[in-house]
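This is what each chain is made of:
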Amino acid sequence: MENVYMQQRMRACVRGLALACLSLVAGAASAGDLHVPSPDWRDQIVYFVMIDRFDDGDPSNNDQGTGEYDPNDPARYSGGDLAGVTRRLDYVQGLGATAVWITPPVAHQWWNEATRYGGYHGYWADDFSAIDPHFGTRDDYRALSRGLHGRGMYLIQDIVVNHTANYFGYPDGWRADDPAAGFVRFIDARGRQAPVQPPFDRNDARDPAQRRDGIYHWTPDIVDFTDRTQELTYQLAGLDDLNTEHPEVRRALRRSYGDWIRDIGVDAFRVDTALHVPAEFFDDFLHAEERDAPGIAAVARATGREDFHVFGEGFAIDKPFEDRQARRLEAYMRTESGGERLPGMINFPLYGSLGDVFARGEPTAVLGHRIASMVALHPRLHWMPSFVDNHDVDRFLAGADTRALRQALLAMMTLPGIPTLYYGTEQGFSGRRTAMFAGGVGAQGDAFDTAAPLYREIAAMSALRLDDRVFSRGVPEVLRDSGGGPGALVWATRHEAALALVAFNTADAPVLVDALETGLPAGTRLEGVFGLDGDPAPLTVAADGRLTLVLPPRAGLVWRLRGGEAPPEAPQSAEPTLDALPPAPWRDDVVLHGRAAPGDVLQVVVDGDLQRAPRVVAGADGRWTATLRTDSWIDPARRHRLVLWREADRTASTAQPFQVERDWRAVARMDDPVGDDHGLDGRVVYPTGGQWRTQRQGDLRGLEVETSGGALRVTLRMASVTQGWNPPNGFDHVAPVVFIELPGHDGGSEVMPQQNARLPDGMRWHYRIRAHGWSNALFSAEGADADTEGTPQAQPARIEVDPDAATIRFTLPASSLGDPTTLVGARVHAVTWDYDDGFRPLQPKASGSAFGGGDGGHDARVLDAVGPLRLP
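Summarised in this report is the structure supplied together with it. (Residues numbered from 1 in each chain as written. Predicted model: local features only at pLDDT ≥ 70, side-chain atom pairs only at ≥ 80, totals over all residues. Heavy atoms only, no water.)

### Quick look at the side chain of glutamine 697
Within the element layout of this structure, glutamine 697 appears in the loop between α18 (692-695) and β32 (700-708). Note on glutamine 697: relative accessible area 0%, which makes it buried. Reaching out from glutamine 697, the side chain makes a polar contact with the side chain of threonine 722 at a distance of 3.0 Å. Dropping the residues within four chain positions of it, glutamine 697 is found in contact with Tyr686, Gln691, Trp692, Met718, Ser720, Thr722, Asp732, His733 and Val734. (Helix = DSSP H or I, 4+ residues; strand = E, 2+ residues; numbered from the N terminus. Buried < 20%, exposed > 50% of the residue type's maximum accessible area, 1.4 Å probe, protein only. Polar contact = N/O pair within 3.5 Å; in protein donor to acceptor, adjacent residues only side chain to side chain. Contact = heavy atoms within 4.5 Å.)

As structure tokens, then:
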């Protein structure tokens, strides 16, 4: 395909953007160099590759002979390697990426028998200083570095400082006063019981000398991620926790990682699990003044890299309108006195808000708040990588559709931060770690299609960003968002004299953006430069400095201030008026009255939603009346915005706020026996890890249903609700699935997708909730079958959790159910399992993260069930 990226960079060079010119020249003049100057990281776009799953450039290194390789098994190696990454650099560059981030290439544990899982991902190191043979050789790694630098691109290596592989643990209990008690060393597939690299090979707590050395924290697994001591010193998922305050540990890590810069030409590091290491560690890691093992920044400077980037991973997602986790990230970038620490942290709170708004139907005010918050909170916001999905979370398309993904990607490309694309997103992947190459796990052939629609769209978005520094260096200001649900989100980004206006509509219907304050002079013209479905028409600021827009469904639009003026729009005629609103909060549907010119055709528009806005005609006396349904506004904390819209002359009334607090009626309940969480046939057992067997989070105790008009509320009573893994949705270790059959509706499905089961009693679901601690999705039955979940819906359920009462509540607005006028006769059925990039495995014998007692190929993946419950 035509290389949009290079064309855009050439245009930028012609326009005088120094970075674009320099990188093009550098790419031609220094092809093959290991060491190149650092770029301005604010202007980069990163492509993130999981080496084993990206491409197999050398099949001879796939199978190392210990049973670790099986491209049909997602727990084992598929065969990707460094040579495969190198041979696909043209593909990556054509997407618009300017840097490649690879998962750790270092030597690691190949197979963990205790968890029945492999180390193909690279994060289980047993030698931080060596290349793993599955991935190739140092020469292969240098070839990748030279290949990138020859294209004017950069190399980012993923590193781990928190832990090594899983070589020891306390399966039978742990005593803080005696680390040797209950201590067990594990043998891996190669017969090893310890890493091979000193000092990390000293891992036997039973040996008094090794115990005194204290290379490791002699601790068990983390069970409570809210406990800071556990977070810093306990084992993460069984991985042996390094004592990163120990001088010898620090020295070995600096020496190992400094060598990758010197010998390979690495340009930046991403630090895995940074929040599990004291923040002060990074002062030493970057700036230690030790001759034989200097800090990373000094090593990089010696190779000509004055701005070696280091950004940390902090799996910290804030709930809507909260900033606590964002402040934790900031503490790793800046000391309490304001001094610099890590140059960047991955922007997980922004990831959460992008998903909340574009995939899960939260009000656009959630993202509006996040934008304002991160601008205020992070002085180095522009150096923080941003993303929409990665290897540790569900793919965006696992719970949302392509329209939502396109919007999230455009938002990422037009907001501050370093946009980071996870491999396969451009090919529409929905599996977290599906291979890109034919023969790899989950692959349907090679997936390097440069003509794929998403590939071409992302290339165009990249070109937009690279063409104009207003996106990579500007500061956004939110001009309009919606507090009531899906709808409009508009911000203006300014950098020096440049301005860009970015607008989204997250709803499935047109939305009105009335009286948008721009702060621009009357007559200012804005040129449409990008649209998800075609460039938008130019805009002219009205005499009062405002704009009025009608945004198409699922729109993503960008305008630029290009100079020049046009006559402002003619003054509007008298606006229609609204009588005093009923007292808030509204608890039921409401009747509104007002006045306009006789014969005026008006719409009563709430939160910009033109499709659901009642249309009225003013009578001969100028009076009008309208009835508003309120059963789609289910959150009493949300403030809604009402205007009268006269389309004929594009006139809107003054906006008026209101709130809704619907009355709910309990209509049905069903109890479920205690302790019947053993599957439909009574043979299923919980995984051996985590808190499953002590807390039995999948044991349903009952189901309660309330209704309010066409809105539905389902409360699940559980044996327990735990939050030890710090889940943003408020519960972990379980994934409830709720099936809803609507009265008087044809169609539907009796299949329980991906669970090897069917609904009982002839029930057919029309809508299905699937949620766990990190995801919340609503599907219609359209397209559903045994393998396919159905069609993702724009506005999933609102989740409320009460750990003390052990309840999980799902509330669906009427609009999410197709606006039913009644729910009498509806049926509800709920089941439990757990979920992690798909429903957790079921196998004959349980393991740390898999259920036991069956064959996941055909046995039901249902732990407990309650229902069907019919609503009277």
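After that view of the structure, there is still more to cover.
### Topic: the pairing of strand β28 (residues 640-646)
Regular strands show a simple pattern: their side chains alternate between the two faces of the sheet. For β28, a buried count of six out of seven residues is recorded, marking the element as mostly surrounded by other parts of the structure. Two elements, strand β25 (residues 601-606) and β28, share four bridges in a ladder whose sense is antiparallel. The residue bridging glutamine 603 from the neighbouring strand is tryptophan 645, located in β28. As defined by bridge partners, β28 adjoins strand β30 (residues 656-658) across three bridges and the pair is classed as antiparallel. (Pairing = 2+ DSSP bridges.)

### Focus: unusual backbone geometry
Look at the link from proline 198 to proline 199: it is a cis peptide, with omega at -5 degrees. As for its placement among the helices and strands, proline 199 is situated in the loop between β9 (184-185) and α7 (208-213). Of the consecutive residues glycine 867 and proline 868, the connecting peptide bond is found in the cis state with omega at 0 degrees. As for its position among the elements, proline 868 is in strand β45 (residues 864-870). Within the chain, histidine 733 stands out as a residue other than glycine whose phi angle is a positive 65 degrees. Backbone geometry places alanine 806, a non-glycine residue, at a positive phi of 55 degrees.

### Re the side chain of arginine 827
Among the structural elements, arginine 827 can be located in strand β42 (residues 827-833). Separated by 3.3 Å, the side chain of arginine 827 and the backbone oxygen of aspartate 761 make a polar contact. Every residue in contact with arginine 827, bar those within four places of it in the chain, is listed here: Phe739, Ile740, Glu741, Asp761, Gly762, Met763, Pro868, Leu869 and Arg870.

### A word on the pattern of salt bridges
Where side chains of opposite charge bring their charged atoms close, a pairing between them can arise. In this structure the tally under the stated criterion is 78 salt bridges. Here arginine 560 ties to aspartate 468 by a salt bridge, and the two come within 2.6 Å at their closest N and O atoms. Remark: aspartate 468 occurs in the loop between α16 (453-466) and α17 (469-473) and arginine 560 occurs in strand β22 (residues 556-565); sequence separation between them is 92 residues. For arginine 560, a relative accessible area of 6% translates into the label buried. According to the relative accessible area criterion, aspartate 468 is buried, its value standing at 9%. (Salt bridge = Lys/Arg side-chain N within 4 Å of Asp/Glu carboxyl O.)

### Things to note about helix α15 (residues 402-414)
Across its 13 residues, α15 extends 18 Å between first and last C-alpha, which sits within 8% of the 18 Å expected from 1.5 Å per residue. A large share of α15 lies buried, amounting to eleven of its 13 residues. Listing the buried residues of α15 in full gives Ala404, Leu405, Arg406, Gln407, Ala408, Leu409, Leu410, Ala411, Met412, Met413 and Thr414. (Expected span 1.5 Å × (residues − 1).)

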